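Residues per chain are reported as follows:
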Amino acid sequence: MTFASAPHILAIAAGIQPAYDKDVTPTPPACGRDIPWRRGEAAGFGLPRVRVETPAPPVLGKEPVHRKCADFRFDPDSMCESGFLFFGEPMTLHDKFGRQITDLRVSVTDRCNFRCVYCRSADPENYREHDEILSWNELERLARIFADLGIQKMRITGGEPLVRDGVEVYLRKLTELRVPDISMTTNGHLLAERVPGLISAGLHRINVSLDSLDPIKFEKITRTRSYDSVMRGIDAVQATALAPAKINAVLVRGFNEDEVEAFAAFARERGVIMRFIEFMPLDADRHWSRDLMVPAEEVYRRIHAQWPLVQIPHAQSETARKYRFADGAPGEIGLIAPVTQPFCGHCSRIRLTADGKVRTCLFSKDDHDLRGMLRNGASDADIEERIRALVDQKEKGHRINEAGFVPPSRTMVFIGG
Ligand code: 5AD
Ligand code: SF4
């Protein structure tokens, strides 16, 4: 597929290509063993937060870095980078460039009930067999090993994590392991009814994907009719201590780029954190091109022109540059610019795919199998040693901006966002 096919993606947006069955919002069968979902009471997590803001002008990519903890509660988005660790444990995972690895994204399923154009193909499912996917027990064992290795933040992703039965039970295990920060990224379709259970299982933070505020356009982008259920999910989150929800929008030129201001208005009205993510070459159909990506700097300029923004300090390893509204309106803007302003130099993340591979970068050419070790009797010490060795070899950075860049063979739905 060449970049010349990029118009195809626009054709879907324009409704020219009937790329899916509009009457079906598929919810695939959950993989792994069925564990009944346990409903719990919403627990309060909301200690007061104190923010320190810098007076510096908000120049994207040149903002001062926030090096002191400004939050009373543990909020890794504002985590100190001073070498200290919360809860008094030494940080033990690092790579050969000296980056400390504290953040693990765990994909618990490669299945998804959406087919976002910038992620999945409209073609039939090509999921892995259930026994290829790590069982909850295997995922729990790895979580314990990673926690022992100093992982502080675990984000549960998919595919769509809520399509796999037992997510709440797994979250509870992470809570019992005393993982300091437990978060989830979801497309929101199944969220509304699950919020209380997620909170009671120990979820600290949640990101919901929402790529359009227009139900018709939403349908074209996600190839589902789930707009209302996603909105109900966001409302449900906003009514709990999980608020403010982080709302992720991937902007694609010609699709939803015209909604920047509408999204900013949404942040102001709902008090959510609206995050704009640059489209990355991780789509299954290989339609990505630089022309289809809306640079974060453009988003910043457009919002700032309408509602002046004030920068909020960020930790070095944070992917988002954060802004509040100068007029004091609620809500926040986050700009995530992996393509135009890569943050690889301060990356603290690794990923575990649903089939048990470690990816040290979204754009890694290779991944590293742990499933075989788990299933062939390796000891915890063996697995720890392997993880240390492969983290040591983490790539310096992605090469999207270099000549000859080749997108990874695994796309976002198989890697976990
Ligand atoms: N580029 C940028 N972000 C992507 N996501 C999925 N595919 C892409 C892509 N090609 C985002 C989703 C979701 C998270 C899991 O990853 O919007 O918020
Ligand atoms: Fe599913 Fe998320 Fe990919 Fe959309 S971006 S198809 S919701 S995994």
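Rules of the game
- By convention here, each chain's residues receive numbers from 1 onward along its written sequence.
- Chain A is the first chain written and ligand 1 is the first ligand written, with later ones labelled in order.
- Confidence filtering applies because this is a predicted model: local features only for residues at pLDDT of at least 70, side-chain atom pairs given and counted only at 80 or more, and all residues used for totals across whole chains, interfaces and linings.
- Side-chain descriptors were evaluated using all non-hydrogen atoms of the structure, hydrogens and water having been removed beforehand.
- For two strands to pair, DSSP has to find at least two bridges joining them.
- In this text, helices come from DSSP runs of H or I with a minimum length of four residues, and strands from runs of E with a minimum of two, each type numbered from the N-terminal end.
- By definition, residues are in contact when any of their heavy atoms lie within 4.5 Å.
- Interaxial angle, 0 to 180 degrees, is taken between N-to-C directions of lines fitted to C-alpha atoms, where a helix line uses only the stretch in contact.
- The criterion for an aromatic pair is that two Phe, Tyr or Trp rings (for Trp, the six-membered ring) have centres within 6.5 Å, with stacked assigned to planes under 30 degrees apart, edge-to-face to planes over 60 apart and tilted to the rest.
- Only protein chains enter the area calculation, which uses a 1.4 Å probe; residues under 20% of their type maximum are buried, those over 50% are exposed, and those in between are partly exposed.
- Oblique is the label for any angle not covered by the other classes, which are roughly parallel (under 35 degrees), roughly antiparallel (over 145) and roughly perpendicular (65 to 115).
- Throughout, a crossing is termed right-handed when the near helix is turned clockwise from the far one, and left-handed when it is turned anticlockwise from it by less than a right angle.
- Here the term charged refers only to Asp, Glu, Lys and Arg, the term nonpolar to Ala, Val, Leu, Ile, Met, Phe, Trp, Tyr, Cys and Pro, and the term polar to all other amino acids, Gly among them.
- The quantity called pLDDT is the predictor's confidence in a given residue, expressed from 0 to 100.
- Nearness is defined per residue: one heavy atom within 4 Å of the molecule or strand is enough.
- Whenever two N or O atoms come within 3.5 Å, that pair is a polar contact, provided that in protein one can donate a hydrogen and the other can accept it, and provided that, for residues adjacent in sequence, both atoms are side-chain atoms.
- Reported accessibility uses the Shrake-Rupley method at a 1.4 Å probe radius. Residues are deemed covered only where the shown protein chains occlude them.
- Throughout this description, the term nonpolar core refers to a set of buried Ala, Val, Leu, Ile, Met, Phe, Trp, Tyr and Cys residues connected via side-chain atoms within 4.5 Å.

*Asks:* Just to check I follow, could you spell out the sheet that holds strand E6 (residues 273–278) for this structure?
*Replies:* Sheet strands line up and pair through hydrogen bonds in the backbone, either parallel or antiparallel. Strand order in the open sheet formed by twelve strands is E7-E8-E9-E6-E5-E4-E3-E2-E1-E10-E11-E12, and the pairing between neighbours is mixed. Strands at the two margins of the open sheet, each flanked by one partner only, are strand E7 (309–312) and strand E12 (368–369). Bridge count for strand E4 (residues 205–209) against strand E5 (residues 246–251) is three bridges, and the pairing is parallel. By the bridge assignment, Ser209 is partnered in E5 with Asn248. Against the sheet, helix H8 (residues 296–306) makes contact with E5, E6, E7, strand E8 (320–325) and strand E9 (332–336), and its axis sits at roughly 160° relative to E9, the strand it touches most.

*Asks:* For this particular structure, what's the right way to read the packing of aromatic side chains?
*Replies:* The description of an aromatic ring pair uses the distance of the two centres, along with the angle that the planes make with each other. Applying the stated criterion to the full structure yields six aromatic pairs. Ring geometry for Phe114 against Phe218: centres 6.0 Å apart, planes inclined by 90°, an arrangement best described as edge-to-face. Here Phe218 lies in helix H5 (residues 215–222) and Phe114 lies in the loop between strand E1 (103–107) and helix H2 (136–148), a separation of 104 residues in the sequence. There is no split in this pair, since Phe114 and Phe218 are both buried.

*Asks:* Sorry if this is basic, but what is going on with the packing of H2 against helix H10 (residues 380–392) here?
*Replies:* Two packed helices can be described by the angle between their axes and the distance between those axes. Orientation of H2 relative to H10, taken along the N-to-C sense of each, is 60°, at an axis distance of 10 Å. Viewed along their axes, H2 and H10 adopt a mutual orientation that is oblique. Note that H2 runs across H10; the crossing there is right-handed. Mapping the contact onto sequence places Arg141, Leu142, Arg144, Ile145, Phe146 and Asp148 in H2 and Asp380, Ile383, Glu384 and Ile387 in H10. Within the contact of H2 with H10, the residues separate by chemical class into five nonpolar, no polar and five charged.

*Asks:* Even after reading the chapter, I still don't get unusual backbone geometry, so can you show me in this structure?
*Replies:* What you tend to see is this: most non-glycine residues have negative phi, and most peptide bonds are trans. A cis amide bond links Gly158 to the next residue, Gly159, at an omega of 10°. Within the fold, Gly159 resides in the loop between strand E2 (153–157) and helix H3 (167–176). A cis amide bond links Ala243 to the next residue, Pro244, at an omega of 0°. Following the sequence through the fold, Pro244 ends up in the loop between helix H6 (227–238) and E5. Backbone geometry places Arg178, a non-glycine residue, at a positive phi of 60°. Counting through the fold element by element, Arg178 comes out in the loop between H3 and strand E3 (181–186). Despite not being glycine, Arg286 has its phi angle at roughly 60°, a positive value. By the element assignment, Arg286 lies in the loop between E6 and H8.

*Asks:* Can you help me understand the confidence of the model for the protein chain in this one?
*Replies:* The predicted coordinates ought not to be read in detail in places where the model reports low pLDDT. Per-chain confidence: the protein chain averages 80 in pLDDT, with 74% of residues scoring 70 or above. A low-confidence stretch, residues 1–6 (pLDDT under 50), is modelled with nine contacts involving residues beyond four sequence positions or located in other chains. Below a pLDDT of 50 lies the segment residues 15–87, which in the model reaches 163 contacts outside its immediate sequence neighbourhood of four places, other chains included.

*Asks:* What's the story with the site of ligand 1 in this structure? I'm lost.
*Replies:* For ligand 1, the set of nearby residues contains 13 residues, the closest of which are Tyr118, Ser209, Asn248, Val250 and Met280. One of the side-chain nitrogen or oxygen atoms of Ser209 is found 2.9 Å away from an oxygen atom of ligand 1. The contact in question runs from a nitrogen atom of ligand 1 to an N or O atom on the backbone of Met280, over 2.9 Å. Bound to the protein, ligand 1 loses 91% of the 400 Å² it would expose on its own.

*Asks:* Could you clarify how one ought to interpret the nonpolar core in this entry?
*Replies:* Generally speaking, nonpolar side chains in soluble globular proteins are found buried as a group. In this structure, Phe146, Leu171, Leu210, Ile303 and Ile333 are the most contacted members of the largest nonpolar core, which totals 105 residues. A per-element tally of this core places H2 first, with seven residues. Setting aside chain neighbours within four positions, we find Ile333 in contact with Ala264, Ala267, Met274, Phe276, Ile303, Leu309, Arg321, Lys322, Tyr323 and Phe325.

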